[in-house]
Amino acid sequence: MNDANGSKNKLSPQQRVELLEELKERFEKNMNRHKDLKWADVRAKLEASPDKLWVLSEMERTGGEPDVVAFDKKTGEYVFYDCSPESPKGRRSLCYDRQAWESRKEHKPENDAISAAAAMGVEILTEEQYRELQQLGEFDLKTSSWVKTPAEIRNLGGSIFCDRRFGRVFTYHNGAESYYAARGFRGLLKL
């Protein structure tokens, strides 16, 4: 994985050990998210993919608390989602995409969700994936998360986000250039 400057993103041996331990603890504490999966198998894949391990470290560093939520039998890939109780703290106050960011004449946020996700090496969750996540627990009770917006909505200047309130998952719309301190994004990584 290369960053914007083209340099190689690597974790030190100590960082790898600490991240693997953090991921293992989260995996074991939340077995309801990945029934029938074994940590040893996940760990073997992680150790064979240092570039993906770096991406997971970015998810962790920005408050995402990544965890395995599925295993795709067709591709042989483990799927990680951000499982933090609220939208990741280090990824809030972002408008939806670069086009929206550029359209703002003043008070531009630091970045946009789509660009930040790409820089980290993750995909932003779709509405369907967000609803799948909500089957594993209760997330975004106080915050909200941008989700991948269908082209027909985005072409009209809008974007969508989701949260959980009153025991239900809601999908809303906003102008893509909007941003709020309580709205971020959740990412996914396939390994």
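Described in the following lines is the structure provided in the data block. Fair warning: this is a prediction, and the values are worked out from it, not measured in the lab.

1. Topic: unusual backbone geometry
Step number 1: With a phi close to 60°, Ser93 is a non-glycine residue in the positive phi region.
Step number 2: Along the polypeptide, Ser93 turns up in the loop between β2 (77-82) and α4 (98-103).
Step number 3: On the basis of relative accessibility, which here comes to 26%, the residue Ser93 falls in the partly exposed class.
Step number 4: Although it is not a glycine, Asp140 adopts a positive phi angle of roughly 60°.
Step number 5: The exposure class of Asp140 is buried, given its relative accessible area of 0%.

2. Here we look at the environment of Ile124
Step number 1: Mapped onto the fold, Ile124 is located in strand β3 (residues 123-124).
Step number 2: For the pair Ile124 and Leu19, spaced 105 residues apart in the sequence, the C-alpha separation amounts to 22 Å.
Step number 3: Setting aside its immediate chain neighbours within four residues, Ile124 contacts Ala113, Ile114, Ala117, Gln129, Trp146, Val147, Lys148, Phe185, Arg186 and Leu188.

3. Here's the deal with the sheet that holds strand β7 (residues 183-185)
Step number 1: With mixed pairing, four strands are arranged side by side in an open sheet as β6-β5-β4-β7. Looking at the sheet topology across the chains shown, the edges are occupied by β6 (168-175) and β7. Taking each pair of neighbouring strands and ignoring which way they run, the sheet shows an average axis angle of 35°.

Rules used in this analysis
- Residues numbered from 1 in each chain as written.
- Predicted model: local features only at pLDDT ≥ 70, side-chain atom pairs only at ≥ 80, totals over all residues.
- Heavy atoms only, no water.
- Helix = DSSP H or I, 4+ residues; strand = E, 2+ residues; numbered from the N terminus.
- Buried < 20%, exposed > 50% of the residue type's maximum accessible area, 1.4 Å probe, protein only.
- Contact = heavy atoms within 4.5 Å.
- Pairing = 2+ DSSP bridges.
- Axes fitted to C-alpha atoms, helices over the stretch in contact; angles between N-to-C directions.

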